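Fold and geometry: a report
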Amino acid sequence: MSRAQGGVATYIARQAASPLRYVLEQTVTALGGWIPGALGIGVRTLLYRLILHMDGAGAIESGVRLRFAGNVRLGNRSYLDQGVYLHACPQGITIGDRSLVMHGSVLHVYNFRDLPHAFIRIGRDSLIGEMNVLRGQGGITIGDRVYTSPLVQIVAVDHVFDDPARPMIEQGITARGITIEDDVWIGGGAIITDGVTVGRGAVIAAGAVVTADVPPHTVVGGIPARVLRTVDGTSPPRATVHF
């Protein structure tokens, strides 16, 4: 095999489960991926069932990029906004009922090291805000009613760099996984690092870098993030509340 042929084979192997799947997924997205508006959403709701798993009727906007689409499962009334990129290696990406992934977000399960727990699973009624990056090599589990603001990063992988005599890229990675429990709110630009569990009902302040577990019903902020206060029902809202 020539170098060019090897390069093409490697490219296809990192885009789909097989060459035949690559042709199918590329053909389907070429036919229906560009159609704008409500018509396009309707066409993709029917057509994309050929390449991914859809429970009920999900809405996929134009310009959504899918790789390993057979490993993607969309819940009923879920939504993928324009410019979303899903890369779903074997254990895949699951987006629950009525959950939304907003413009420009990247959900990436890049697993070519045979990692045992590489996936992204999002529960029901959650929202992944604009321009978020989720890297699921160690597994990301997000509960129900979790809201992330724009520019959040949730990164379930880390590089090893302890040996100064070896290039970092030759020292391997760790991938322990991240769990975000139900009813969590993550502020804009926050970063959740590998190995962290965020407890139920916690709030992550904008710009925080979370390097350790967050207790349930606490507000954390800073670099690295620390507990600022407990959410115990004793602090009244600081502005008018709208429902």
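Look up: the structure comes first, before these words.
To start, this report covers the structure provided alongside it.

What counts and what doesn't
- Residues numbered from 1 in each chain as written.
- Predicted model: local features only at pLDDT ≥ 70, side-chain atom pairs only at ≥ 80, totals over all residues.
- Heavy atoms only, no water.
- 1 Å grid on protein atoms, 1.4 Å probe; cavity = no way out; pocket = protein on both sides within 12 Å on 5 of 7 lines; lining within 4 Å.
- Points joined across faces, edges and corners; volume = space filled by probe spheres on them.
- Nonpolar A, V, L, I, M, F, W, Y, C, P; charged D, E, K, R; others polar.
- Buried < 20%, exposed > 50% of the residue type's maximum accessible area, 1.4 Å probe, protein only.
- Helix = DSSP H or I, 4+ residues; strand = E, 2+ residues; numbered from the N terminus.
- Arc of directions from axis to C-beta.
- Contact = heavy atoms within 4.5 Å.
- Salt bridge = Lys/Arg side-chain N within 4 Å of Asp/Glu carboxyl O.

Each pocket or cavity is described by its volume, and for the largest pocket that value is around 260 Å³. What lines the largest pocket is a set of 13 residues, and nearest its centre among them are Arg229, Ser235, Pro236, Pro237 and Arg238. Broken down by class, the residue content of the lining of the largest pocket amounts to 6 nonpolar, 4 polar and 3 charged.

Along helix H3 (residues 37-47), the residues classified as buried are Gly40, Ile41, Arg44 and Thr45. Axial view of H3: buried residues confined to an arc of 135 degrees, hence all on one face. Those residues of H3 that are exposed and aimed more than 90 degrees away from the buried face are Ala38, Leu39 and Leu46. Contacts made by the buried residues of H3 are with helix H2 (19-32), strand E1 (53-54) and strand E2 (59-60).

One pass over the full model with this rule turns up 8 salt bridges. Between aspartate 183 and arginine 145 there is a salt bridge; the shortest N-O distance is 2.6 Å. Residue aspartate 183 is found in the loop between strand E18 (178-180) and strand E19 (185-186), and its partner arginine 145 is found in the loop between strand E13 (140-142) and strand E14 (147-148); the two are separated by 38 residues along the sequence. Note that aspartate 182 is salt-bridged to arginine 200, the shortest N-O span being 3.5 Å. Placement of aspartate 182 in the loop between E18 and E19 and of arginine 200 in the loop between strand E21 (197-198) and strand E22 (203-204) is noted, with a sequence separation of 18 residues between them.

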